[in-house]
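Structural overview
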Amino acid sequence: MEQLPDLAQPGWFLLAAFIVYVVVVGRYFLLSGIFYAVFYVWQRDKWKSRKINQREYNPGQFKKEIIRSNITAILFGISGAVLLLLWQKGYTRLYEDIHAYPLWWLPVSLLTALILQETYYYWLHRWMHIPKVFRLVHKWHHESHIASPWTAFSFHPLEGLIQAIFLPLLLLFLPMNLFVLVIMLTIMSVSSVINHLDIEVYPKWFAKNFLTRSIIGATHHSLHHKQYKYNFGLYFTWWDRLTKTESPVYDELFEEKTKK
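First things first, this report covers the structure right here in the doc. (Residues numbered from 1 in each chain as written. Predicted model: local features only at pLDDT ≥ 70, side-chain atom pairs only at ≥ 80, totals over all residues. Heavy atoms only, no water.)

Glancing now at the side chain of R50. By secondary structure assignment, the location of R50 is in the loop between α2 (44–47) and α3 (61–88). The side chain of R50 sits in the buried core without any salt bridge; E200 is the nearest counter-charge, 5.4 Å away. At 2.9 Å, the side chain of R50 forms a polar contact with the backbone oxygen of E200. A polar contact is formed between the side chain of R50 and the backbone oxygen of Y202, at a distance of 2.8 Å. (Helix = DSSP H or I, 4+ residues; strand = E, 2+ residues; numbered from the N terminus. Buried < 20%, exposed > 50% of the residue type's maximum accessible area, 1.4 Å probe, protein only. Lys, Arg positive; Asp, Glu negative; His and termini not counted. Salt bridge = Lys/Arg side-chain N within 4 Å of Asp/Glu carboxyl O. Polar contact = N/O pair within 3.5 Å; in protein donor to acceptor, adjacent residues only side chain to side chain.)

Take a look at the structure:
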């Protein structure tokens, strides 16, 4: 990181935070915009039967989600700048040389990070549904009773902060190549939009295949927005199934939405 200015200087730190914010918010508008344009405008009729909820969105919902997602992007920008500062000062386990660790560590580190994030988020999500905590932290997100592509980053600032600190903390002890980090960030962004799309994009065989049956999609997460006490997972259904918090109507609803 010698090529970067000293991010411990307030001016450079704020500039780094702003640049990361621009990247995050740009990625949000790009992905959410593409998914909205394809599934809600261009091919609306084709995917109509796969729409989970048939009710119309509340007036002003998209505008509110976009404003709140921008707030989240600001927090992610600060978090990204903190991560860059920690990396610059040698506190993280991020590495650039692909051969610094065995090549098999590249996919293993990605899977390890995703599993750790899944565990962190699942139990954090359960905690955020404790009534007093819910009203303070998580209620903003659930004001989107029907999720949309714009819901992906629509969090209360406290929830956004709790989520933003995960990666800097993880990379203090988990060795990860920069390329793998980019892949993980891409997975985080794409899966969040897909899960909030409220249109089931995965094929029928997804729920029956050994490798894909545990991946969360729009049907699974839309039930969380509707039922609240089920389906707390982020990427995978493992914790929901293990702790009996998966919606009892999920399999039936997935079958119904993917029959065509």
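What follows picks up the thread again.
Here we take up the pattern of salt bridges. Under the criterion given, the structure shown has eight salt bridges. Measuring nitrogen to oxygen at the nearest pair gives 4.0 Å for the salt bridge that ties K208 to E255. Taken together, the residues K208 in the loop between α8 (178–195) and α9 (218–227) and E255 in helix α11 (residues 250–257) connect sequence positions 47 residues apart. K208 sits in the exposed class, given a relative accessible area of 60%. You can call E255 partly exposed: its relative accessible area is 32%. Between R241 and E246 there is a salt bridge whose closest N-O contact spans 3.3 Å. What makes E246 buried here is its relative accessible area of 17%.

Our focus in this paragraph is unusual backbone geometry. The phi angle at D198 is positive, at roughly 65 degrees, despite the residue not being glycine. D198 sits in the buried class, given a relative accessible area of 1%. Phi angles above zero are rare outside glycine, and N231 is one such case at about 60 degrees. Note that N231 resides in the loop between α9 and α10 (238–242). What makes N231 buried here is its relative accessible area of 0%.

With that settled, consider helix α5 (residues 131–142). Along an α-helix, a turn takes 3.6 residues, which lines up residues three or four apart on a common side. Here α5 spans only 13 Å end to end across 12 residues, well under the 16 Å set by a 1.5 Å rise per residue. V133, F134, V137, H138, H141 and H142 are the residues of α5 that are buried. The arc enclosing the buried residues of α5, seen along the axis, measures out at 135 degrees, which places them on a common side. Opposite its buried face, α5 presents the exposed residues K132, R135 and L136, each directed more than 90 degrees away. Buried positions along α5 lie against α4 (105–128), α6 (157–164) and α9. (Expected span 1.5 Å × (residues − 1). Arc of directions from axis to C-beta. Contact = heavy atoms within 4.5 Å.)

Its volume calculated, the largest pocket comes out at about 930 Å³. Contributing to the lining of the largest pocket are 39 residues, with R27, F76, L167, L185 and M188 lying nearest its centre. Contributions of two or more residues to the lining of the largest pocket are made by α1 (10–42), α3, α4, α6, α7 (166–170) and α8. Here the lining of the largest pocket takes 10 residues from α8, the largest share from any one element. (1 Å grid on protein atoms, 1.4 Å probe; cavity = no way out; pocket = protein on both sides within 12 Å on 5 of 7 lines; lining within 4 Å. Points joined across faces, edges and corners; volume = space filled by probe spheres on them.)

Moving on: the packing of α1 against α8. Packed helix pairs are specified by the crossing angle of their axes together with the interaxial distance, meaning the distance between the axes. Contact geometry of α1 with α8 gives a least axis separation of 10 Å together with a crossing angle of 40 degrees. Accordingly, the angle class assigned to the pair α1 and α8 is oblique. Seen from above, α1 lies across α8 with right-handed handedness. For the pair α1 and α8, the contacting residues are R27, L31, S32 and F35 in the first and L185, S189, V190, V193 and I194 in the second. Residues belonging to the contact of α1 with α8 are distributed by class as follows: six nonpolar, two polar and one charged. (Axes fitted to C-alpha atoms, helices over the stretch in contact; angles between N-to-C directions. Parallel < 35°, antiparallel > 145°, perpendicular 65-115°, else oblique. Left-handed = near helix turned anticlockwise from the far one by under 90°. Nonpolar A, V, L, I, M, F, W, Y, C, P; charged D, E, K, R; others polar.)

Scanning the model with the defined rule gives 26 aromatic pairs in all. On the numbers, 5.1 Å between centres and 35 degrees between planes, the contact of Y120 with F166 is tilted. Taken together, the positions of Y120 in helix α4 and F166 in helix α7 put the pair 46 residues apart, joining distant regions of the chain. With relative accessibility at 29%, the residue Y120 sits in the partly exposed group. (Phe/Tyr/Trp six-rings, centres within 6.5 Å; stacked < 30°, edge-to-face > 60°.)

Before going further, it helps to examine the environment of L84. Relative to the assigned elements, L84 resides in helix α3. Taking the C-alpha atoms as reference, L84 lies 8.9 Å from P168; in sequence the two are 84 residues apart.

The next subject is the environment of Y228. Within the element layout of this structure, Y228 appears in the loop between α9 and α10. Considered as a pair, Y228 and S247 are 19 residues apart in the sequence and their alpha carbons are 9.7 Å apart. Apart from the residues within four sequence positions on either side, Y228 is in contact with H129, F134, H142, H145 and L223.

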